[in-house]
Amino acid sequence: MESSNNLSKCRGELDLPMVSLTGKVPGIAGCFAMILVFVMAVAAQAADLCNYKVAFSTEGFLADSIIQVAAADVTGDGVDELLLVGRNYEARETFFYVVSLGHDGFEVLWKSPNLYDSPGHIAVTAGDFMGTGSPQVLVLGDKATLMYQWQSGVLKEVWRGTTPWPIQEVAAVEGGPGKPDLVALTQIVDQNAYFATEALRVLKWTPQGLEVVAESPPIGVIRALASGVVVGGTVGDLVIDVGQTTQGGTIQIWIIKGDTLTRVSSQELSPAAVFGLTVFSQDDQVVVADDRGRVQVYAWQEGKLVTTSSRVSLGWGLASSAAGVFSADGTKSIVAVEYPNIVHVLRPDN
C-alpha cells in the first residue's frame, strides 16, 4: 500500500483563474475582490504540491568526492538501496558502495574492491540487463565495464567487458514487458576548441559486450542523463539536461522509435546547469537538482513537464541525485549530493 506521503498524489499544474475585464473598469472593491480570488487560488493549489524538507544531511560521507548516486533494489528486499561511487584522489582509490538508507542515517551493505584505473570518469546504473528477473549493477570506467549481481548477501561480479567509448553519463532504460532492460550512454561525436557535441546511444547487453540498438542525432553538451517511462508506454524514455558550462539550458525528453531516438519536448526549467537529474521509478516523476542548489519535482502532463513539488534550496554545487523508496513504509525520498561529499536526504512534508 502506498504511503500517505506518496508523491503520486501530488500531481497537478498551477491553473489560475482567468478574469476578463469587459465593460466598466472595476472600482477599488472590485480590484480587491479580484486580487483576493487570485491569492486564494494560488494558496489552494499550492497546498496540493508536495512540500519537501531535508530529513537529514551528512558531510564527509565515505569519500573525498562523491562522483554519483543512483537508486535501485539490488538486494531484492522490496526497497531501494543507494548506489554510490566515491573517489579518494590522493590515495588513488575509487569505491562503489551499496548503502541502506534508514530514517535518519545510512548503513553500508557492501563495498567494492578499489576500482581506480585512471583519474577519469566512472558511472554506475542498475537494471535487469541480462533478463534474469533480478537487477544487475553496471559500472563503467575508462577502460573496463563491470557487471555485478547480488548473491548470498554481497555483490558478485558476473561479467566484465571493455567500455565502448569514454563515458560521461549512463542510465538504465526499461526494455518493456518480458524484455531485458537497456542502457543509455552519451557519446562525443564532435569537438571544437571549446565544447564537445554529444549524442545519445541506447545499447543492449550481450555476452560479447554492449551493442548499440538506437541512437540520436548530435544534440550538444549533455550534462545529465536519466530514464523512466515519463511520457507513457512501456519502454523507458530518456531525460537529459543540455547546455554549456554552468549556465541554464534545456531539459529534453527523447523517446525510442525503432533504431532511432526522437525528441518530444524541450523546456527551460532551471536558470543553472542541472547535474542532478533523476526519475522516480515508482511514478516516473522527474527530479531536477541544479548547480545552485535548487531541487524540484516535475510530472508529464498535457505534453510537457509541470511542477508537482515546492522548491527546496540546498547548498550550491549539486552534482548528482537519486530518487526512490528506501524504506518499507513506502515513503519516497530524494538523495542530493552537494560537492564534494555532502549528502542531503529529502522527504515529503505533507
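Residues numbered from 1 in each chain as written. Predicted model: local features only at pLDDT ≥ 70, side-chain atom pairs only at ≥ 80, totals over all residues. Heavy atoms only, no water.

Some remarks on the side chain of Q296
Here Q296 shows up in strand β20 (residues 294-301). The class of Q296 is buried, set by a relative accessible area of 13%. When residues no more than four places from it in sequence are discounted, the contact partners of Q296 are V286, V287, V288, T307, S309, S310 and R311. (Helix = DSSP H or I, 4+ residues; strand = E, 2+ residues; numbered from the N terminus. Buried < 20%, exposed > 50% of the residue type's maximum accessible area, 1.4 Å probe, protein only. Contact = heavy atoms within 4.5 Å.)

Section: empty space enclosed by the protein
For the coordinates displayed, the defined rule picks out 1 cavity of 30 Å³ or more. Estimated volume of the largest cavity: approximately 30 Å³. What lines the largest cavity is simply R87, L115, D117, S118, G120, H121, I122, G141 and D142. Among the residues forming the lining of the largest cavity, the class breakdown is 2 nonpolar, 4 polar and 3 charged. (1 Å grid on protein atoms, 1.4 Å probe; cavity = no way out; pocket = protein on both sides within 12 Å on 5 of 7 lines; lining within 4 Å. Points joined across faces, edges and corners; volume = space filled by probe spheres on them. Nonpolar A, V, L, I, M, F, W, Y, C, P; charged D, E, K, R; others polar.)

As for the packing of aromatic side chains
Throughout the structure, instances matching the rule amount to 7 aromatic pairs. Geometrically, the ring pair formed by F96 and Y148 is tilted, given 6.3 Å between the ring centres and 45 degrees between the ring planes. With F96 in strand β4 (residues 93-101) and Y148 in strand β8 (residues 144-151), the pair connects residues that are 52 residues apart, well separated along the chain. Connected via pairs of aromatic rings, a cluster forms that spans F56, F61 and F106. (Phe/Tyr/Trp six-rings, centres within 6.5 Å; stacked < 30°, edge-to-face > 60°.)

Some words on the nonpolar core
Among the nonpolar cores identified, the biggest contains 19 residues, and L83, F96, V98, V137, V139, Y148 and L155 are the most heavily contacted of them. Elements that contribute at least two residues to this core include exactly β2 (65-72), β3 (81-88), β4, β6 (123-127), β7 (136-140) and β8. The residues contacting L155, other than those within four sequence positions of it, are F96, V98, W110, V137, Y148, Q149 and W150. Ranked by size, the runner-up nonpolar core spans 16 residues in total, among them V69, L82, V335 and V345. (Core = buried A, V, L, I, M, F, W, Y, C linked by side-chain atoms within 4.5 Å.)

Focus: unusual backbone geometry
Following Y339, the chain continues to P340 via a peptide bond in cis, the omega torsion being 0 degrees. If you trace the backbone, P340 turns up in the loop between β24 (332-338) and β25 (342-348). For L62, which is not a glycine, the phi torsion comes out positive at approximately 70 degrees. Structurally, L62 can be placed in the loop between β1 (52-59) and β2. Residue T245 is not a glycine yet carries a positive backbone phi of 50 degrees.

Focus on the sheet that holds β3
What the 4 strands build is an open sheet, ordered β2-β3-β4-β5; its pairing is antiparallel. Of all strands in the sheet, those bounded by a partner on one side alone are β2 and β5 (106-111). Looking at each pair of strands side by side, their axes are set apart by 30 degrees on average, direction ignored. As defined by bridge partners, β3 adjoins β4 across 7 bridges and the pair is classed as antiparallel. Across the sheet, the residue bridging to R87 is T94, located in β4. (Pairing = 2+ DSSP bridges. Axes fitted to C-alpha atoms, helices over the stretch in contact; angles between N-to-C directions.)

Comments concerning the environment of K143
Tracing the backbone shows K143 in the loop between β7 and β8. The exposure class assigned to K143 is exposed, which follows from its relative accessible area of 55%. Separated by 26 residues in sequence, K143 and D117 place their C-alpha atoms 7.4 Å apart. Beyond its immediate chain neighbours, meaning those up to four positions away, K143 contacts D117, G161, T162 and T163.

Honestly, it's all geometry; don't read function into it.
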